[in-house]
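Inside the fold
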Amino acid sequence: MADEPLVLGIETSCDETGVGIVRGTTLLADAIASSVDEHARYGGVVPEVASRAHLEAMVPTIERALKEAGVSARDLDGIAVTAGPGLAGALLVGVSAAKAYAYALGKPLYGVNHLASHICVDQLEHGPLPEPTMALLVSGGHSSLLLAPDITSDVRPLGATIDDAAGEAFDKIARVLQLGFPGGPVIDRLAREGDPAAITFPRGLTGPRDAPYDFSFSGLKTAVARWIEAKRKAGEEVPVRDVAASFQEAVVDVLTRKAIRACKDEGVDHLMIGGGVAANSRLRSLAQERCDDAGIILRVPRPKLCTDNGAMVAALGAEMVKRNRPASDWDLSADSSLPVTDPHVPGTRAQGQQHGHEHGPGHGHSHDHDHVHELSKDNLYS
């Protein structure tokens, strides 16, 4: 284990300030500071509020993670950070912090992809990913089917949402039902007491001529909202638990059906499910049932690792170090629409080139102001 890369990961794509530390595929620390309560009164994430919360939480969360892992910042072999996709302002906070720490410590910097990180985090739960891996990612911003022959360099999108993501639909229906924000956990809880067959809601993009791997939840959201509105106009009580269960069943039915089809079509015998909605109990149970029937092995991380966290970023960063992927340049910036086909943002300089400070084998980062670098080290980490 001591020979495995020790990497710190920073995640700030939305409203969670996540800092994780892993050694290889072993999780040492997973510190999170959430600003969800600050967004609840608005019924959704406010980008400026999220960015300011990241600024306030960054240094204390990093310090907490280092303490939890029992390591010094000097011990790290690299620092990874979510470069995209996500909220631009929030991403910039994380990228700036990662660059500052990496520069001051003389460590290689890895800007990685948020979606690829959600796949890689499963290594912390179930060991190395099979190659290729089929991944179903479902969250507030993404619903995607991805084929990953190599999580560090080759991730192929098979399908994605064409409108609302699954998590977004959960939040919107929760708002219509006046259940608060975020909507996923409360709908999941209420659905356990409801009848999933009570109301037949539409399954988007499941016709014979529809794109086989794409998702659409906008029509479902509208249908549910109109059904609730009709009940209220008629002066009837809305059966909240049955609505929650029926809506949830429509979402997870489509997600699992398309994921199983993709596995069969691509000849892949493993399915990994990640993202915040992967914490949904009905999605987990239905996916397990359908995978068992199809002879497919299901891998789903524990709920805490499904939501946004720094551990997933550190896991992908550690894999980058292990496979000698090129580190990012110092001019790394946030990319709110970074495509999943870019698992990380490599540097453009030739590897092995050294400028002023040694970063270890295979890592050549240049900076022209070594006196500033040394001053930063002394101030921050002495």
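Before any of the text, the structure's been laid out above.
Please read these numbers as outputs of a predicted model, since none were measured by experiment. (Residues numbered from 1 in each chain as written. Predicted model: local features only at pLDDT ≥ 70, side-chain atom pairs only at ≥ 80, totals over all residues. Heavy atoms only, no water.)

**Focus: the overall build of the protein**
On a plain count of helices and strands, the protein comes out with 13 helices and eleven strands. In terms of C-alpha radius of gyration, the protein reaches 22 Å, essentially the compact-globule figure of 21 Å for 382 residues. Projected onto its principal axes, the C-alpha positions of the protein cover 75 × 45 × 35 Å. Within the span of the protein, comprising 382 residues, buried residues form 54% of the whole. (Helix = DSSP H or I, 4+ residues; strand = E, 2+ residues; numbered from the N terminus. Rg over C-alpha atoms; globule rule 2.2 N^0.38 Å. Buried < 20%, exposed > 50% of the residue type's maximum accessible area, 1.4 Å probe, protein only.)

**Description of the layout of surface pockets**
A volume near 1,200 Å³ is recorded for the largest pocket. Taken together, 37 residues make up the lining of the largest pocket; nearest its centre are Cys-14, Asp-15, Ser-139, Gly-140 and Asp-171. Secondary structure elements with two or more residues in the lining of the largest pocket: strand E3 (26-34), helix H6 (166-176) and helix H7 (183-191). It is H6 that provides the largest number of residues to the lining of the largest pocket, a total of six residues. (1 Å grid on protein atoms, 1.4 Å probe; cavity = no way out; pocket = protein on both sides within 12 Å on 5 of 7 lines; lining within 4 Å. Points joined across faces, edges and corners; volume = space filled by probe spheres on them.)

**What about the sheet that holds strand E5 (residues 109-113)?**
Across the sheet, which stays open at both edges, the six strands sit in the order E3-E2-E1-E4-E5-E11 with mixed pairing between neighbours. Because the sheet does not close on itself, it has two edges, and the strands there are E3 and strand E11 (344-345). With eight bridges connecting them, strand E2 (residues 16-23) and E3 associate as antiparallel partners. Its bridge partner lying in E3, Ile-21 is registered against Ala-29. Its contacts with the sheet put helix H12 (residues 310-322) on strand E1 (6-11), E2, E3, strand E4 (78-84), E5 and E11, and the angle it makes with E1 is roughly 135 degrees. (Pairing = 2+ DSSP bridges. Contact = heavy atoms within 4.5 Å. Axes fitted to C-alpha atoms, helices over the stretch in contact; angles between N-to-C directions.)

**Quick look at the side chain of Asn-309**
Positionally, Asn-309 belongs in the loop between helix H11 (303-306) and H12. The class for Asn-309 is buried, based on a relative accessible area of 0%. A distance of 3.1 Å separates the side chain of Asn-309 from the backbone oxygen of Leu-305, its partner in a polar contact. Separated by 3.1 Å, the side chain of Asn-309 and the backbone nitrogen of Ala-311 make a polar contact. Setting aside anything within four residues of it in sequence, one finds Asn-309 in contact with Glu-11, Gly-18, Asp-30, Ile-32, Val-121 and Lys-304. (Polar contact = N/O pair within 3.5 Å; in protein donor to acceptor, adjacent residues only side chain to side chain.)

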